[in-house]
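Working through the structure, step by step
What follows is each chain in one-letter form.
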Amino acid sequence: MTRRHLPPLNPLRNFEAAARCGSFARASAELHVTPAAVSRQVIVLERYFGTPLFIRHANVIELTAHGAALLPSVTAALDMLDEGARSIPRAGGTAVSLCTYQGFLMHWLIPRMARFREAHPEIDLHLISAAKPQEFDDAHADITIKYGSVVGEGHLNRPILPDIIVPACSPGLANDDRYPLPPIENLAHHTLLRSRYRRLDWPSWLKVAGAEIVAPRQEITFRESGLANHAASQGLGVAIAQRLLIENELASGRLIMPFDTALRRADDIWMSVAQERGAQSRVSLVCDWIEREATDTVNGFGWKFSPSTANTEQPVHLDKT
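Criteria and cut-off values
- Residues numbered from 1 in each chain as written.
- Predicted model: local features only at pLDDT ≥ 70, side-chain atom pairs only at ≥ 80, totals over all residues.
- Heavy atoms only, no water.
- Helix = DSSP H or I, 4+ residues; strand = E, 2+ residues; numbered from the N terminus.
- Rg over C-alpha atoms; globule rule 2.2 N^0.38 Å.
- Buried < 20%, exposed > 50% of the residue type's maximum accessible area, 1.4 Å probe, protein only.
- Contact = heavy atoms within 4.5 Å.
- Patch = residues over 30% accessible without salt bridge, like charges linked within 9 Å, V, L, I, M, F, W, Y side chains within 5 Å.
- Areas by Shrake-Rupley, 256 points an atom, 1.4 Å probe, with all protein chains shown as cover.
- Salt bridge = Lys/Arg side-chain N within 4 Å of Asp/Glu carboxyl O.
- Lys, Arg positive; Asp, Glu negative; His and termini not counted.
- Charge placed at Lys NZ, Arg CZ, Asp CG, Glu CD.
- Phe/Tyr/Trp six-rings, centres within 6.5 Å; stacked < 30°, edge-to-face > 60°.
- Polar contact = N/O pair within 3.5 Å; in protein donor to acceptor, adjacent residues only side chain to side chain.

1. Observations regarding the overall build of the protein
Within the protein, the regular secondary structure consists of 13 helices and 13 strands. Here the protein has a C-alpha radius of gyration of 22 Å; the compact-globule value for 321 residues is 20 Å, and the two agree. Projected onto its principal axes, the C-alpha coordinates of the protein cover approximately 75 × 50 × 35 Å. Expressed as a percentage of its 321 residues, the buried residues of the protein come to 46%. Within the protein, residue pairs in contact and separated by at least 24 positions form 76% of the contacts whose partners lie at least 6 positions apart.

2. A word on a negative patch on the surface
Among the surface-exposed residues, Asp79, Glu83, Glu135, Asp137 and Asp138 lie close enough to one another that they form a single negatively charged patch. When contributions to the negative patch are tallied by element, the ones reaching two or more residues are α4 (65-86) and α7 (133-139). Element by element, the count of residues in the negative patch is highest for α7, at three residues. One can find Asp138 in helix α7.

3. Some details on the environment of Ala95
Take Ala95: it is sitting in strand β3 (residues 95-100). Judged by relative accessible area, Ala95 falls into the partly exposed class, the value being 23%. Each C-alpha atom, one on Ala95 and one on Phe24, is 25 Å from the other, the two residues being 71 residues apart in sequence.

4. So, the packing of aromatic side chains
According to the stated counting rule, one finds nine aromatic pairs in the structure shown. Look at Phe24 and Phe54: their rings are 5.9 Å apart centre to centre, the planes differ by 90°, and that puts the pair in the edge-to-face class. Placement of the pair is Phe24 in helix α2 (residues 24-31) and Phe54 in strand β1 (residues 54-56), with a sequence separation of 30 residues. Taking relative accessible area as the criterion, Phe54 reaches 4% and is therefore assigned buried. Ring geometry for Tyr48 versus Phe49: centroids 5.1 Å apart, planes at 90°, classification edge-to-face.

5. Considering the side chain of Thr297
Summarising the element assignment, Thr297 is placed in helix α13 (residues 281-300). Taking the relative accessible area as the measure of exposure, Thr297 reaches 4% and is therefore buried. Within polar-contact distance, the side chain of Thr297 engages the side chain of Trp108 at 3.0 Å.

Have a look at this one:
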């Protein structure tokens, strides 16, 4: 048999993740390493081929012609490896896979991972990020956390968190000498920050707050809600934020909620488990831990969570401390 001359495999995995995610930062969240580590692995591969595979921009990356030519074969090879690995049962295995949104991973789940490792050092938790429905389907994860339940037979679904949105900004912006917040009318003199995938959050909140006629001075749309929240913490504007994703920023004082009105979106955040896997003790342990953390999160809102029974949005009162 002819000896294979293969590129280094770990750099190939990092290259594929970076190309699929569109940035080293998003790939790092999926691979559970730092963005710098992903970049270094890609550089190893670029040195192996002697040519750049990405064009680096400020916040995103773009495949070169050589990178675009390489990607399909790498993706196909990794998919075949994944399929082959899944076909072999792991007797006594300790891994549990969980798929959810990148923002939820970075701002809710990962900050709690130290507690999980302390409670369950025997379980290897494999975290997968997804944004589109097909990406959730392709993950074939043991546990899925997303807006709404997984449709179809064979899944155990339970709502674990409400999707509550609130305006958030830096203390300095809220205490602006000319246009402090509140009153709500002063939003017209500030920049509103939003996420590309949550375009209706600001209009929905303004409606329940009775301020539909407020026209902001400027709007900035970010790809990820985490970026909008970070921009708000730097005083660049007022973000419309998911309350559960700004816990650390509120605790540190980098962000405050300047208004009393919060809006609960119609869809709750659900945890769905493949039925045949839910009976596995390690999967059950992860689900129980997530539910405990979710309960603690809602208790921190100063508000009692009960699953949504109506497909309507509603204002709620939150503890602003």
